[in-house]
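# Observations on chain architecture
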Amino acid sequence: MENGNHDIPENANEHCPGPQSEEAGKADACAGCPNQQVCATAPKGPDPDMVTIAERMATIKHKILVLSGKGGVGKSTFSAQLSFALAEMDYQVGLLDIDICGPSIPKMLGLEGQDIHQSNLGWSPVYVESNLGVMSIGFMLPHPDEAVIWRGPRKNGLIKQFLKDVDWGELDYLVVDAPPGTSDEHISIVQFLQATGIDGAIIVTTPQQVSLIDVRKEISFCKKVGIRVLGVVENMSGMRQSISDFRFVKSNETGDDNDVTEWALSYIRSNAPELLSVIACSEVFDSSGGGAAKMCTEMGVPFLGKVPLDPHLCRAAEEGRSCFADKKCIASAPALRHVIQKLISSGQ
């Protein structure tokens, strides 16, 4: 509503006094409004928890959000590997998972089954290494298959509690892995952190237009709420794999596949052994529209680089390992390092 109060819900009545007003939920203009009861009972004035959050965040130098327009583009994999990389550079790193309904970070950091511990200083993160701590609702679920069926206010309350009660100590980087889209969780994390200073957001996408359409919305969201876009990463940018890692099949007339991998590799070893060190490349998604690089140019945001679809990176994420310590990740690890070095050199 165009009355200068950006906190007024979009579905509010005309002449809404605003949810922070003493007349909220009580004024004549509130009659019949779907938010009337919430506004009437909500606490008014400044949120006292914001002071506590500011004190917690004061010991953290850089705060980076990792966002995506769509699910399934590898955002959490990127968040996990970014955190591993920063920690391996001897930075003090925290990784906060605010994907309340789909917390995959514990698995990707090899921390499944771990519990949160409390001390007189607050909740203690679960540590991968002494300089890499993690916090996620995944540590609080009684079973990994347990569904989190929460409405917005409860999700927002947990995000606030993570920021208010987790004792991160002194950090160089806090990486925040957000769910896809622009929902309650995104609005909450921006609202709670903006006063303490957010360095900006990294947006992860795949090359095809169906993903880029939603990334444009994500960039628009960042601009509207005043969050700097640190850059866009094009993930799964073509598949890259060593010939020696391929599985070869031969289809018969019935459509069944016969595995001929041993025969094919034996033939290559005998007749063209140099091919075993060749990396095969294939376009998985249609990037004929220019991909993320073209979109970044059009929208005036930085392009951080491309990361190929690498089965060894997928395996490292499944097993909760750093791809940088895996000598088999010869396609993805250098690309990720390039992206991360570009990010750090930009001042983050």
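Values in this document were obtained by computation on a predicted structure and should not be read as measured data.

The subject of this paragraph is the overall build of the chain. Counting its regular elements, the chain contains eleven helices and 13 strands. Principal-axis analysis of the C-alpha atoms places the extent of the chain at approximately 85 × 45 × 45 Å. Counting over 348 residues, the chain shows a buried share of 47%. Taking as baseline every contact in the chain between residues at least 6 positions apart, the subset at least 24 positions apart corresponds to 72%. Element-wise, carbon and sulfur atoms account for 50% of the exposed surface of the chain, whose accessible area totals about 17800 Å².

Quick look at empty space enclosed by the protein now. Summed over the entire model, instances satisfying the criterion amount to three cavities of 30 Å³ or more. What the largest cavity holds in volume is close to 80 Å³. For the lining of the largest cavity, the residue count by class is ten nonpolar, five polar and no charged.

Turning to the environment of C329, a few remarks are in order. By the element assignment, C329 lies in the loop between α10 (311-318) and α11 (332-345). Separated by 19 residues in sequence, C329 and D310 have C-alpha atoms that sit 7.2 Å apart. In this view, C329 contacts D310, H312, L313, C323 and P334; residues no more than four positions away in its chain are not counted.

Under the definition given, this model contains 13 salt bridges. For D326, the salt bridge is made with R321, and the minimal N-O distance between the two is 3.1 Å. You can call R321 partly exposed: its relative accessible area is 27%. Here the residues in one salt-bridge network are K70, D214 and K217, joined through shared partners.

On to the UniProt feature "binding site: ATP" (unreviewed entry) in the chain. The feature "binding site: ATP" (unreviewed entry), as annotated in UniProt, sits at G69, K70, G71, G72, V73, G74, K75 and S76 in this numbering. In this structure, G69 sits in the loop between β1 (60-68) and α3 (75-88). Leave out the neighbours within four places in its chain, and G69 touches P180, G181, V204, D214, V215 and E218. Leave out the neighbours within four places in its chain, and K75 touches V66, L67, S68, D99, D177, A178, P179, P180 and V204. There is a polar contact of 3.4 Å between the side chain of K75 and the side chain of S76.

Another point: the pairing of strand β7 (residues 171-177). Buried residues dominate β7, accounting for seven of its seven residues. In the sheet, β1 pairs with β7 via six bridges, with the strands oriented parallel. Bridging across to β7, V66 finds its partner in D177.

Here H312 is to be found in helix α10. Since its relative accessible area comes to 9%, H312 is described here as buried. For H312, the contacting residues outside a window of four places in its chain are D245, D326, K328 and C329.

With that settled, the discussion passes to the nonpolar core. Counting 42 residues, the largest nonpolar core has L96, L163, W168, I189 and I219 as the members making the most contacts within it. It is helix α7 (residues 209-225) that contributes the most residues to this core, five residues altogether. What W168 contacts, discounting residues up to four positions off in sequence, is M57, I60, G94, L95, L96, P125, Y127, G133, V134, M135, F162 and L174.

The feature "binding site: [4Fe-4S] cluster" (unreviewed entry), as annotated in UniProt, sits at C16, C30, C33 and C39 in this numbering. Look at the named residues: they lie 24 residues apart in sequence, but the longest C-alpha span between them is just 10.6 Å, so in the fold they bunch up. Considering only the annotated residues already named, the ones lining the largest cavity are C16, C30, C33 and C39. Tracing the backbone shows C16 in the segment before α1 (36-41). Judged by its relative accessible area of 15%, C16 falls in the buried class.

Further remarks concern helix α5 (residues 152-165). Between its terminal C-alpha atoms α5 stretches 20 Å, which fits the 20 Å expected from 14 residues at 1.5 Å a residue. Those residues of α5 lying buried are G152, K155, L158, I159, K160, F162, L163, K164 and D165. Contacts made by the buried residues of α5 are with α2 (49-57), β2 (93-97), β4 (122-124), β6 (132-136) and α6 (184-193).

Moving on: the confidence of the model for the chain. Detail in the predicted coordinates should be disregarded across regions flagged by low pLDDT. Per-residue pLDDT for the chain averages 91, and the proportion of residues at 70 or more is 96%. Within the model, pLDDT remains below 50 along residues 1-6, and this stretch shows nine contacts once partners closer than five positions in the same chain are excluded.

Next up on the list: the layout of surface pockets. In this structure, the second largest pocket spans a volume of roughly 290 Å³. Along its surface, the second largest pocket is lined by 13 residues, and P106, E112, G138, L141 and P144 are the ones closest to its centre. In terms of residue class, the lining of the second largest pocket is built from five nonpolar, five polar and three charged.

Cut-offs and rules
Residues numbered from 1 in each chain as written. Predicted model: local features only at pLDDT ≥ 70, side-chain atom pairs only at ≥ 80, totals over all residues. Heavy atoms only, no water. Helix = DSSP H or I, 4+ residues; strand = E, 2+ residues; numbered from the N terminus. Buried < 20%, exposed > 50% of the residue type's maximum accessible area, 1.4 Å probe, protein only. Contact = heavy atoms within 4.5 Å. Areas by Shrake-Rupley, 256 points an atom, 1.4 Å probe, with all protein chains shown as cover. 1 Å grid on protein atoms, 1.4 Å probe; cavity = no way out; pocket = protein on both sides within 12 Å on 5 of 7 lines; lining within 4 Å. Points joined across faces, edges and corners; volume = space filled by probe spheres on them. Nonpolar A, V, L, I, M, F, W, Y, C, P; charged D, E, K, R; others polar. Salt bridge = Lys/Arg side-chain N within 4 Å of Asp/Glu carboxyl O. UniProt positions renumbered as here; feature names shortened; annotations may be inferred. Polar contact = N/O pair within 3.5 Å; in protein donor to acceptor, adjacent residues only side chain to side chain. Pairing = 2+ DSSP bridges. Core = buried A, V, L, I, M, F, W, Y, C linked by side-chain atoms within 4.5 Å. Expected span 1.5 Å × (residues − 1). pLDDT = per-residue confidence, 0-100.

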